[in-house]
Structures are given as structure tokens and as C-alpha cells.
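This is what each chain is made of:
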Amino acid sequence: MTESPYPLISIEEAWRRIAAVVRPLRPALQPIGTVLGRILAEDVIADESIPALPSSAMDGYAVIAGDRAPRLRVIEEQAAGREKGLHVVAGTAVRIMTGAPLPQGADAVVLVEDAIEQDGLLRVLTAISAGEYVRPVGQDLAAGDLVLSKGSLLGPPEIGLLAAVGRAEVLVYPRPKVAVMATGDELIPPHCKPKPGELRDSNSYALCAAIEAAGCEPLHLGIIPDDEKALRTAILDGVAHADMLLTSGGVSMGRLDFVKPLLAELGKVHFGRVAIKPGKPLTFATLQDLPVFGLPGFPVSSLLSFENFVRPALRLIGGHRALWRPRVHARLRHYLRHSTGRTEFQRAVVTEEDGLYWAESTGLQVSGRLKSLVGANALLQLPADVDDFERGDEVVAILIDRPEIEALAPGSSDPR
Ligand code: AMP
Ligand code: MG
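Definitions and limits used
Residues numbered from 1 in each chain as written. Chains lettered and ligands numbered in written order. Predicted model: local features only at pLDDT ≥ 70, side-chain atom pairs only at ≥ 80, totals over all residues. Heavy atoms only, no water. Near = heavy atom within 4 Å. Polar contact = N/O pair within 3.5 Å; in protein donor to acceptor, adjacent residues only side chain to side chain. Areas by Shrake-Rupley, 256 points an atom, 1.4 Å probe, with all protein chains shown as cover. 1 Å grid on protein atoms, 1.4 Å probe; cavity = no way out; pocket = protein on both sides within 12 Å on 5 of 7 lines; lining within 4 Å. Sits in = over half its atoms within 2 Å of the grid points. Nonpolar A, V, L, I, M, F, W, Y, C, P; charged D, E, K, R; others polar. Helix = DSSP H or I, 4+ residues; strand = E, 2+ residues; numbered from the N terminus. Buried < 20%, exposed > 50% of the residue type's maximum accessible area, 1.4 Å probe, protein only. Pairing = 2+ DSSP bridges. Core = buried A, V, L, I, M, F, W, Y, C linked by side-chain atoms within 4.5 Å. Domains from an automatic or database assignment. Contact = heavy atoms within 4.5 Å. Salt bridge = Lys/Arg side-chain N within 4 Å of Asp/Glu carboxyl O. Axes fitted to C-alpha atoms, helices over the stretch in contact; angles between N-to-C directions. Parallel < 35°, antiparallel > 145°, perpendicular 65-115°, else oblique. Left-handed = near helix turned anticlockwise from the far one by under 90°. Arc of directions from axis to C-beta.

1. Quick notes on the site of ligand 1
Moving on, step 1. Taken together, 15 residues lie around ligand 1, and E186, D201, S202, G250 and G297 are the ones closest in.
Moving on, step 2. Here a nitrogen atom of ligand 1 sits 3.0 Å away from a polar atom, N or O, in the main chain of S202.
Moving on, step 3. Contact with the protein chains covers 80% of the free accessible surface of ligand 1, which is 480 Å².
Moving on, step 4. Most atoms of ligand 1, that is more than half of them, are within 2 Å of grid points of the largest pocket.
Moving on, step 5. Here the residues of the shell around ligand 1 sort into 5 nonpolar, 7 polar and 3 charged.

2. Focus on the environment of L141
Moving on, step 1. Relative to the elements of secondary structure, L141 occurs in the loop between β10 (134-135) and β11 (146-148).
Moving on, step 2. In this structure, the C-alpha to C-alpha distance between L141 and E48, residues 93 residues apart in sequence, is 8.1 Å.

3. A short note on the pairing of strand β21 (residues 290-295)
Looking along a regular strand, one sees side chains alternate from face to face of the sheet.
Moving on, step 1. Taken across its 6 residues, β21 has 6 buried, putting it largely inside the fold.
Moving on, step 2. Of the two faces of β21, the one lined by L290, V292 and G294 and the one lined by P291, F293 and L295 are each fully buried.
Moving on, step 3. Pairing analysis gives 4 bridges linking strand β17 (residues 244-248) to β21, with the strands arranged parallel. Each residue of the ladder has a partner; that of L246, found in β21, is F293.
Moving on, step 4. Here strand β20 (residues 283-287) hands over to β21 after 2 residues, with Q288 in that stretch at a positive phi of 50 degrees.

4. What to know about the nonpolar core
Moving on, step 1. Counting 40 residues, the largest nonpolar core has I18, M244, L246, F293 and F309 as its most contacted members.
Moving on, step 2. Broken down by secondary-structure element, the contributors of at least two residues to this core are α1 (11-21), β13 (177-183), α3 (203-213), β17, β21 and α6 (299-317).
Moving on, step 3. Here this core spans two domains, and each of domain 1 (11-26 + 175-317) and domain 4 (327-399) adds at least three residues to it.
Moving on, step 4. Among all residues touching F309, those that are not within four sequence positions of it are I11, A14, W15, I18, V274, I276, L282 and F293.
Moving on, step 5. I224, V259, L290 and V292 belong to the second largest nonpolar core, which has 20 residues in total.

5. Examining the pattern of salt bridges
Moving on, step 1. For the coordinates displayed, the defined rule picks out 15 salt bridges.
Moving on, step 2. Its salt-bridge partner being E353, residue R333 comes within 3.0 Å of it at the nearest N-O pair. Highlighted residues: R333 in the loop between β22 (327-332) and β23 (343-353) and E353 in strand β23, separated in sequence by 20 residues.
Moving on, step 3. For R333, a relative accessible area of 26% puts it in the partly exposed group.
Moving on, step 4. Judged by relative accessible area, which is 39%, E353 ranks as partly exposed.
Moving on, step 5. Three or more residues are tied together by salt bridges with common partners; here these are E307, R311, R315, R325 and E404.

6. Focus on the packing of helix α4 (residues 228-241) against helix α5 (residues 259-266)
Moving on, step 1. Two numbers describe how α4 lies on α5: the axes approach to 11 Å, and their chain directions differ by 55 degrees. When the axes of α4 and α5 are compared, the pair comes out oblique. Relative to α5, α4 is oriented so that their crossing is right-handed. Contact with α4, carried on its side by E228, L231, R232, I235 and L236, involves V259, L262, L263, E265 and L266 of α5 and no other residues of that element.
Moving on, step 2. Here the residues of the contact of α4 with α5 are counted per class, giving 7 nonpolar, no polar and 3 charged.

7. Focus: α3
Every α-helix carries 3.6 residues per turn, so stepping three or four residues along brings you back to the same face.
Moving on, step 1. Turning to α3, its buried residues are N203, S204, L207, C208, A210 and I211. For α3, the angular spread of the buried residues around the axis is 160 degrees, confining them to a single face. Turned more than 90 degrees away from the buried face of α3 sit E212 and A213, all of them exposed.
Moving on, step 2. In this structure, the buried residues of α3 make contact with β13, β16 (217-224), β17, β21 and α6.
Moving on, step 3. Trailing α3 by a residue or two, G215 shows a phi angle of about 80 degrees, which is positive.

8. Overview of the sheet that holds β20
Moving on, step 1. With mixed pairing, the 6 strands of this open sheet are ordered in space as β16-β13-β17-β21-β20-β18. Edge strands, defined here as strands with exactly one partner in the open sheet, are β16 and β18 (268-271). Each neighbouring strand pair of the sheet contributes to a mean axis angle of 20 degrees, computed without reference to strand direction.
Moving on, step 2. Pairing between β13 and β16: 6 bridges, direction parallel.

9. Structural notes on the environment of P196
Moving on, step 1. Within the fold, P196 resides in the loop between β14 (187-188) and β15 (199-200).
Moving on, step 2. Under the relative-accessibility criterion, P196 is labelled exposed at 85%.
Moving on, step 3. Considering only alpha carbons, one finds P196 and G215, 19 residues apart in sequence, at a separation of 38 Å.

10. Observations concerning the side chain of S204
Moving on, step 1. You can see S204 is positioned in helix α3.
Moving on, step 2. At a separation of 2.8 Å, a polar atom in the side chain of S204 contacts the side chain of H220.
Moving on, step 3. S204 has contacts with V180, A182 and H220, leaving out every residue within four places of it along the chain.

No statement about biological role is implied by the geometric values presented.
Here it is as C-alpha cells:
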């Protein structure tokens, strides 16, 4: 019997080896129109207060709250925009628009609907107190405030704030570029009709989509035959043009499985087998410090390896602190077959009812059946040391449709 030269390691050990060598990319200044989903690599402090002047929160009249005159003379109008240098004195008011700077002397705004203006005279219909409908200086942000701290995930409000404080460019961890190649003599592109024995390459497309879904930039290198020379050239090409390289297929024990020996020849293989199902031959290497994952060929194995190992590694490279999908305890709606020896990730639909999570399998769980992932919102992590599960049993469910959170270790069976 031919033995693999690579020991079968645990999920935890595999992640330790990945985390030991994967580093965030060097931060770069980028225009704020391009930073959605990126991680901020600097603290951003406000130089100025917003609003910089006391301003009206509504359309109305700027007045002195304590003014007892029965009628106020409307002396001017102040719209949003340039400050006109107006003064409100006792017995007068200034017509004012939302966002306009409050004239000197005024300390409150009467709403349009709470006053009647006729022939330049204003009758105020309600009692009014100082400060009403006035936005004081620095209400939104005060000069010197920490606007956003290093490590923040940049979403729409964060990008809006950066614009508001005048940061047209910010220091962020760049979007990782990931090269993807499918390897296999049997593979043909999706637009071709397979001859007997041929198979359409689905992995490179699914992986490129997963890369995009992870906020990264895919670089599709196409199909490489099971030929050592062609593969060596393609791997070196991929490494030269990306921040990470993914290969699919060719990592098993077949005579034409050249990926592992080539990665060992060109760089350092950190592991070549993990005790998981599916995806046992998952391989991780570095070539000139660049991370390379050799993903197994079966479509489900390839995408699950991406979800469980590549995606968190890409998040590390992109400067994220939150690396792990949330985990919950879910009850099985039915019996589940699982053999001991490896941690298995079964695809399921998890729903919440009355505060409890319930899991239902997506059907036949073989590693070629990509449909077992279609519609799945969870991976049931079945431990290596327990066999079949009964209806009603609790299992750990990784919620793969939820954003990542911090802190949970990989392989953890301790949901929050
Ligand atoms: P391998 O790991 O190369 O031995 O491939 C294992 C199985 O996955 C074989 O049945 C392959 O035909 C299939 N496979 C490999 N690469 C791909 C791919 N890019 N797309 C779809 N199936 C693939
Ligand atoms: Mg192959």
C-alpha cells in the first residue's frame, strides 16, 4: 500500500500552520470611492467640528427665545450655504432654512408651521425655549474626536463619515488578488460539449465567485493539463501575479497528481492532509512567502475547503479581525449518518423557531454533488469521535450566510 508522505492533521493544527505564515498586505492610500468592505489601517481624527456653526435643524424663523414682543419683524432670510453675517435683536426674526447657520443673537428656531408671517411681521403661535431646533457646534462630530479607529470595517456610514471629515483618501488594507487554476486532463470549459470521459470545469468558476464574495479580486488562469511542465509554469505565473494562488484538483494519490510534489519542489508545503470530510487532501504551501492552497478536485470539497480555510486566510490578508462565521447549537430534524475518524461538514438548512435552531440536511452528501450546497445556509460540524446522530440530537451549525465575528477558534465546538 502506498502511504501519503503527509501526516493527517487536525483542523486546529491546519489553521495554526496557516495563521503562522499568512500576513496582512501592506496598507495603501486609496480613494474613498473604492474602499467598500476594506479594513481601515489608520485612526481617523476630526480636524473640524460638524456642524462648524450653530445651525437650524428645520425650516422656520431664527428668534430670541425670551423675546416677549407680540409681533416680530422679519428682517432677512438665511438659506443653507454661505453665512450672511445677520443679527437678530429683540423684536426681530430671520427666516431660516434647514442646515443654515443661525444668525448672531438668535438662540432658537420657530417652525414654519408654528408661526404666521404676514406683511413682514411674524406671529409666533407656540411657547419657545432657548436651543429649540438649533444644532449646536460639534453635535455630529467635535474637532479632535476619533471618527473611526484602525481596524474598522468600511461600510456605507463609515465611508460617508470619511467624506464628511474631508478624507478623500484613506489608508486601508488592499483588496487581495487571488489567482485560480483548475488542473485536470479531463476538464473542458463550460461552453464546450464533453466528449466521453470529459467533464466541464466548475471549480474555477465557483472559486472565483467565492473570492469575489469574500471581497477579493479573482484572477482566472483557466484549465491546466495534468502535465508537470505546464503545471510548473502555470504555478509560477500565478504566484507572480497575485497575493494568493488556488489550484483545484491533482492533490490526491494518483500518478498524475503533480500539485503536491511541485509545491514541495518550488516552495514549502506546510500540510498535505487534514482530517476533514470532504477535503482530506487539502494542501497548504508557501512559494516565495505567497500562500498557495491546493484544493481537492471534487466540487464540494473544493468549495468547503475555501469556506473553512481559504476565506479566513483571505480575511487575515485583508486586515480583518473577524475571521469566523457564527456557530450555534442546532437540533436535527432527522437521523444523520456520519462515520467516525474525520470531522465532517454536512450541508444543511437551519431555521430558527421559538429561540431554537433546527437543521435539515440538503440531501445526498457526496463530495461531487454541488447541489448539496445550493440553498444551504449552514455546515453541520460532526465531530470525528461520534457516529450517527438521531432526530432531535444537537450538533454544531456554522452559519455560512452570516458575517464573520471575532474570536472563535477553528474547529471549535463551543458556539456562542
Ligand atoms: P482530482 O482531485 O484531480 O483527482 O479530482 C477529483 C474529482 O474531481 C474528479 O472526479 C474530477 O473530475 C473532479 N474535478 C476535478 N477538477 C474539477 C473541476 N475543476 N471542476 C469540476 N470537477 C472537477
Ligand atoms: Mg485530477
